[in-house]
Amino acid sequence: MRPADPILVLDGLSVRVGQATLLQDVSLSLAKGEVLCIIGESGAGKSTILKAMQGLMPATCSRFCFGPAGIDVTGQMPNRIGLPRTRWVMQDPLAALNPRQSLGSSIAESLHRHRLSAEERKDATLNALAQAELGPEFYDRLPAQVSLGQAQRACLARAMIAQPDLIFFDEPLSALDALVQKKIAYRMDLLRNATQMTYIVVTHDIGFAESYADQVLVLKDGRVVTYQGRVPFFAAPQSHYASELIAAADALGALRRPEAAE
């Protein structure tokens, strides 16, 4: 599965720690503006993919190209920490935010490379808050003064304001209640459509993948068992394990019924 003009190409990613193989021969490719959902049980290696791409775990691969120019960063993997023009939104927003720093200040930090006046920085931050459906009153609030869902929206605003090429989302909705999950998922999709940023989303939520993914990659025991576009994935999954995941999500009411999708 290769887009005509990929922003990310990864071939043969493997991660070994001591005698343990955490990932084995993972390959994927994404075009600008696409959403890849990585699905699998706990311990399957979902978050390990993100950490390996960011240089946070020892990894090897045969090819790793990133960015609109397709820069080959394969040889940098043993020593590189972080990809340029990327951001990360984690599962626990309160752990990601400085408890002593206001939401506005935290979001504005992503503008440190931009030569903006204090007034321009504040205006940009207020606009980012508004895009995340947070009013100007949140600019001065501390993380302890907002709900979990509001904190996650602030993290989304902080990621988006930097205008990265790619955002990694590591279980961004799992700590939230169902209604807040729906609102933030919708906001994530709205902002992506407006900016054409690319997302890689680690999730247990098959319903999220059904609603928002362009591609779905399923991991089991560190290996890719299914890698398909969203439509063929739900119509004819490539593995029995993927079929079981879809069936379980459907039984729990996590998938859209045919009449709801029309």
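The sections below set out a description of the structure shown in this document. Model, not experiment: these values are computed from the prediction.

Reading the values: the criteria
Residues numbered from 1 in each chain as written. Predicted model: local features only at pLDDT ≥ 70, side-chain atom pairs only at ≥ 80, totals over all residues. Heavy atoms only, no water. Pairing = 2+ DSSP bridges. Helix = DSSP H or I, 4+ residues; strand = E, 2+ residues; numbered from the N terminus. Phe/Tyr/Trp six-rings, centres within 6.5 Å; stacked < 30°, edge-to-face > 60°. Buried < 20%, exposed > 50% of the residue type's maximum accessible area, 1.4 Å probe, protein only. Lys NZ or Arg CZ within 6 Å of the ring centre and 35° of its normal. 1 Å grid on protein atoms, 1.4 Å probe; cavity = no way out; pocket = protein on both sides within 12 Å on 5 of 7 lines; lining within 4 Å. Points joined across faces, edges and corners; volume = space filled by probe spheres on them. Nonpolar A, V, L, I, M, F, W, Y, C, P; charged D, E, K, R; others polar. Core = buried A, V, L, I, M, F, W, Y, C linked by side-chain atoms within 4.5 Å. Contact = heavy atoms within 4.5 Å. Expected span 1.5 Å × (residues − 1). Polar contact = N/O pair within 3.5 Å; in protein donor to acceptor, adjacent residues only side chain to side chain.

Relative to strand β4 (residues 63-66), strand β1 (residues 6-17) runs antiparallel, the two sharing four bridges. The residue bridging Asp11 from the neighbouring strand is Arg63, located in β4. Adjacent in sequence and paired antiparallel, β4 and strand β5 (residues 71-72) are bridged by four residues, among which Gly67 carries a positive phi angle near 100°.

On to the packing of aromatic side chains, then. One pass over the structure, following the stated rule, counts four aromatic pairs. Ring centres 4.7 Å apart and planes at 70° place the aromatic pair Phe169 and Tyr199 in the edge-to-face group. Of this pair, Phe169 sits in strand β7 (residues 166-170) while Tyr199 sits in strand β8 (residues 198-202); the two residues are 30 residues apart in sequence, bridging distant segments of the chain. Classification of Phe169 by relative accessible area gives buried; the value is 1%. For Tyr199, a relative accessible area of 2% translates into the label buried. The side chain of Arg141 reaches across the aromatic face of Phe138, ending 4.4 Å from its centre. Here Lys220 stacks its cationic end above the ring of Tyr241, 4.6 Å away from the centre of that ring.

Moving on, we come to empty space enclosed by the protein. Taken as a whole, this structure holds one cavity of 30 Å³ or more when the rule is applied. One number sums up the size of the largest cavity: a volume of about 40 Å³. Forming the boundary of the largest cavity are Val35, Ala185, Met188, Asp189, Arg192, Tyr199, Phe208 and Tyr212. Looking at the lining of the largest cavity, the elements with two or more residues in it are α6 (178-195) and α7 (206-212). Ranked by residues supplied to the lining of the largest cavity, first place goes to α6 with four residues. Looking at the lining of the largest cavity, its residues break down into six nonpolar, no polar and two charged.

Moving on, we come to the nonpolar core. Ile167, Phe169, Met188, Tyr199 and Phe208 are the most contacted members of the largest nonpolar core, which has 48 residues in total. It is helix α5 (residues 148-161) that contributes the most residues to this core, eight residues altogether. Sequence-distant contacts of Phe208, that is, excluding residues within four places in its chain, are made with Cys37, Leu173, Ala185, Met188, Val201 and Ala213.

Looking now at α6. With 18 residues, α6 should cover 26 Å at 1.5 Å per step; its first-to-last C-alpha distance of 26 Å lies within 8% of that length. Taken together, the buried positions of α6 are Gln181, Ile184, Ala185, Arg187, Met188, Asp189, Leu191 and Arg192. Residues of α6 that are buried make contact with β3 (35-39), α4 (118-131), α5, β7, β8 and α7. Sitting at the head of α6, Asp177 places a side-chain oxygen 3.2 Å from the backbone nitrogen of Leu179. Trailing α6 by a residue or two, Gln196 shows a phi angle of about 60°, which is positive.

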